[in-house]
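Here is how the chains run, residue by residue.
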Amino acid sequence: MTDIHVSERQRPFADRLYEAVRTKDTRVCVGIDPVIDRLPVELRERALARLYPAQKRIYNMQLHDIWCADGHKADVFVKDEAGETFRPIVMGWMDVRSRVLLGWAVAKSETADLVRRALHQAITRSNAVPREALMDNGRAFASKEISGGAPNRYRFRVKENELVGTLTLLGVGMIWATPGHGQSKPIERYWQLLTEDLAKHPDLTRAYCGKDSASKPEHFDMKKAVPLAVFKRVLAEAIADKHVRGHRGNAMDGKSPQTVYEELAHTTPIRQPTAAQIRFCLMTAEATRLKGEEGSIQLNGNRYWSPEISGLSRTATYTVRYNPEDAQDPVSLYLNERFICEVPIV
């Protein structure tokens, strides 16, 4: 996704820096900087990264080639219907080429469910499935529910018959961002600019707390936390406003993200989701085995059964996907990535 542009004059210097980072060999560092040469190995890579010639992202990809996802803790205190006060997490999925934030969701904490809800909104709004997803390396993204079964899963090993994640079932390739390196995710800059817009909004003035104690404004008052519904409305307005502003980034030509998105949509082959794919983006997934002689699925105190599953193996580990909002809905049964059938409640 990114190319490094280095002039001929910088090439020898850049090559030495790259080799030093790759090998962490003090002998390679000689001649670059005497100060860096004397640093401990664990500090040298960070120092070299600051000296390395700046990278420039080249956005020569197609629409929906890569979506970038990340969670952002808002610098605003909100109050939910239960009266609890907290700083909400905003989860977003952004099309990297157009810089359009296709889908987002808000919750108290960053979970796999929040990732799925934001992804569902992005897919339904765009009627598209990305080729690859560039994601944060946090546990919500690396959970089995999201990336289970992927060969390049970031945090955990792939086990035989493990729960298959939503992105794996969608056939989306996964790219993991460099840990602790926000610059590797294009959406980070989006969050920074969005935070500035929210800080200026009159409906959030007293509830805006800044990113830390040093940047907390004098007028902040915890008792003035805004209702969660108000924050969601202001957030949606701010996102819509960013979509229609001119953008000076690479390959944008000063056009707004929405304009670029609409222009490319006419010429880009788009992989459209099926109704089943859209549906299971909202489903929670759990590993299970069939129980008893009849071979039923027991889930959250409910029992699901159909004649189609009565003859299946009792020792195999299946994946059951269900609607966490309505236990009366049929559940979907999978073996690895193979869909078996829908099973009603009995």
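For the structure itself, consult the block above.
Keep in mind it's a predicted model, so treat the numbers as computed, not measured.

Student: Describe helix α10 (residues 228-244), and please don't skip the residues or the numbers.
Tutor: Across its 17 residues, α10 extends 25 Å between first and last C-alpha, which sits within 8% of the 24 Å expected from 1.5 Å per residue. Every buried residue of α10 is listed here: L228, F231, V234, L235, A238, I239, K242 and H243. Here the buried face of α10 lies against β4 (78-79), β6 (89-95), β7 (100-107), α9 (187-200), β10 (226-227) and α11 (257-265).

Student: Residues and numbers for the packing of aromatic side chains, please.
Tutor: Considering all chains together, one arrives at four aromatic pairs under this definition. Here F77 and F220 contribute two aromatic rings whose centre-to-centre distance is 5.7 Å and whose plane-to-plane angle is 40°, an arrangement assigned as tilted. Of this pair, F77 sits in the loop between β3 (66-73) and β4 while F220 sits in the loop between α9 and β10; the two residues are 143 residues apart in sequence, bridging distant segments of the chain. Assessed through its relative accessible area of 17%, F220 is described here as buried. The lysine or arginine in question, R125, covers the ring of W104, its NZ or CZ lying 4.3 Å from the ring centre. A cation over an aromatic ring shows up here: R321 above the ring of Y334, its NZ or CZ 5.5 Å from the ring centre.

Student: An account of the packing of α9 against α10 is requested, with residue identities and associated values reported.
Tutor: Where α9 contacts α10, the two axes come as close as 10 Å, and the packing angle between them is 120°. On the basis of their axis angle, the class for α9 and α10 is oblique. For the pair α9 and α10, the crossing hand works out as right-handed. In contact with Y190, L193, L194, D197 and L198 of α9, α10 contributes F231, V234, L235, A238, I239, K242 and H243. Here the residues of the contact of α9 with α10 are counted per class, giving nine nonpolar, one polar and two charged.

Student: Give a detailed account of unusual backbone geometry, specifying residues and quantitative values.
Tutor: Positive phi outside glycine occurs at A251, with the angle close to 70°. Judged by relative accessible area, which is 30%, A251 ranks as partly exposed. The phi angle at N300 is positive, at roughly 50°, despite the residue not being glycine. Structurally, N300 can be placed in the loop between β12 (297-299) and β13 (302-304).

Student: Give a detailed account of the sheet that holds strand β15 (residues 331-335), specifying residues and quantitative values.
Tutor: An order of β11-β14-β15-β16 is seen for the four strands of this open sheet, with the pairing classed as antiparallel. Of all the strands in the sheet, just β11 (284-288) and β16 (338-343) have a single pairing partner and so form its edges. Averaged over all pairs of adjacent strands, the angle between strand axes in this sheet comes to 25°, irrespective of strand direction. In terms of strand pairing, β11 meets strand β14 (residues 318-322) through five bridges, oriented antiparallel. Its bridge partner lying in β14, A285 is registered against R321.

Student: Describe the sheet that holds β4, and please don't skip the residues or the numbers.
Tutor: A sheet is described by the order of its strands in space; here three strands give the open sequence β5-β4-β10, paired in mixed fashion. Edge positions in the sheet fall to β5 (85-86) and β10, since each has one partner strand and no second. Alignment of β4 against β10, held across two bridges, turns out to be parallel. Among the inter-strand pairings, K79 is bridged to a residue of β10, identified as P227.

Student: Before we move on, can you summarise empty space enclosed by the protein with the specific residues and values?
Tutor: Enumeration over the complete set of coordinates arrives at two cavities of 30 Å³ or more. Around the largest cavity sit H72, A74, V90, W191, L194, T195, L198 and L235, which together line it. Tallying contributions element by element places α9 first for the lining of the largest cavity, with four residues. Looking at the lining of the largest cavity residue by residue, the classes come out as six nonpolar, two polar and no charged. For the second largest cavity, the calculated volume is near 30 Å³. Looking at the second largest cavity, the residues that line it are H72, A74, D75, V76, T195, L198 and Y208. The residue makeup of the lining of the second largest cavity, split by class, is four nonpolar, two polar and one charged.

About the thresholds
- Residues numbered from 1 in each chain as written.
- Predicted model: local features only at pLDDT ≥ 70, side-chain atom pairs only at ≥ 80, totals over all residues.
- Heavy atoms only, no water.
- Helix = DSSP H or I, 4+ residues; strand = E, 2+ residues; numbered from the N terminus.
- Expected span 1.5 Å × (residues − 1).
- Buried < 20%, exposed > 50% of the residue type's maximum accessible area, 1.4 Å probe, protein only.
- Contact = heavy atoms within 4.5 Å.
- Phe/Tyr/Trp six-rings, centres within 6.5 Å; stacked < 30°, edge-to-face > 60°.
- Lys NZ or Arg CZ within 6 Å of the ring centre and 35° of its normal.
- Axes fitted to C-alpha atoms, helices over the stretch in contact; angles between N-to-C directions.
- Parallel < 35°, antiparallel > 145°, perpendicular 65-115°, else oblique.
- Left-handed = near helix turned anticlockwise from the far one by under 90°.
- Nonpolar A, V, L, I, M, F, W, Y, C, P; charged D, E, K, R; others polar.
- Pairing = 2+ DSSP bridges.
- 1 Å grid on protein atoms, 1.4 Å probe; cavity = no way out; pocket = protein on both sides within 12 Å on 5 of 7 lines; lining within 4 Å.
- Points joined across faces, edges and corners; volume = space filled by probe spheres on them.

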